[in-house]
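Spelled out from the first residue to the last, the chains are:
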Amino acid sequence: MSARCQLTGRKPGFGNAISHSHRRTPRRFDPNIQAKRYWLPSENRHVRLRLSAKGIKTVDAIGVEAAVARIRARGEKV
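Criteria and thresholds
- Residues numbered from 1 in each chain as written.
- Predicted model: local features only at pLDDT ≥ 70, side-chain atom pairs only at ≥ 80, totals over all residues.
- Heavy atoms only, no water.
- Pairing = 2+ DSSP bridges.
- Helix = DSSP H or I, 4+ residues; strand = E, 2+ residues; numbered from the N terminus.
- Phe/Tyr/Trp six-rings, centres within 6.5 Å; stacked < 30°, edge-to-face > 60°.
- Lys NZ or Arg CZ within 6 Å of the ring centre and 35° of its normal.

A.B. asks: Is there a simple way to explain the pairing of strand β4 (residues 45-52) in this structure?
C.D. replies: On a regular strand, one side chain projects to one face of the sheet and the next to the other, so that they alternate. Bridge count between strand β3 (residues 33-40) and β4: eight bridges; the pairing is antiparallel. Within the sheet, the bridge partner assigned to Ile33 lies in β4 and is Ser52. Between β3 and β4, which pair antiparallel one after the other, the connecting turn spans four residues, and Asn44 there sits at a positive phi close to 55°.

As structure tokens, then:
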């Protein structure tokens, strides 16, 4: 699976790891992706979402119904 948040769209960033001798090697900064299960009352079922930590906080703020609506508006299947 890709390291991408379904709600916020966060994806890996790229940069360099810098050693003590200051050699630079490519590295990847992955977002903190968690699989979380929410109850969706309108459909009377659970949905499993792959969210970043910020995405989880967003669901807590706006509610799972609005979050699923945003994900579906982007064209993703939930």
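A.B. asks: Honestly, the packing of aromatic side chains in this entry has me stumped. Any pointers?
C.D. replies: Each aromatic ring pair is described using two quantities: the centre-to-centre distance and the angle formed by the ring planes. For the coordinates displayed, the defined rule picks out zero aromatic pairs. Its end group placed over the ring of Phe29, Arg27 keeps NZ or CZ at 3.8 Å from the ring centre. Stacked on the ring of Tyr38, the Lys or Arg Lys36 has its end atom at 5.4 Å from the ring centre.

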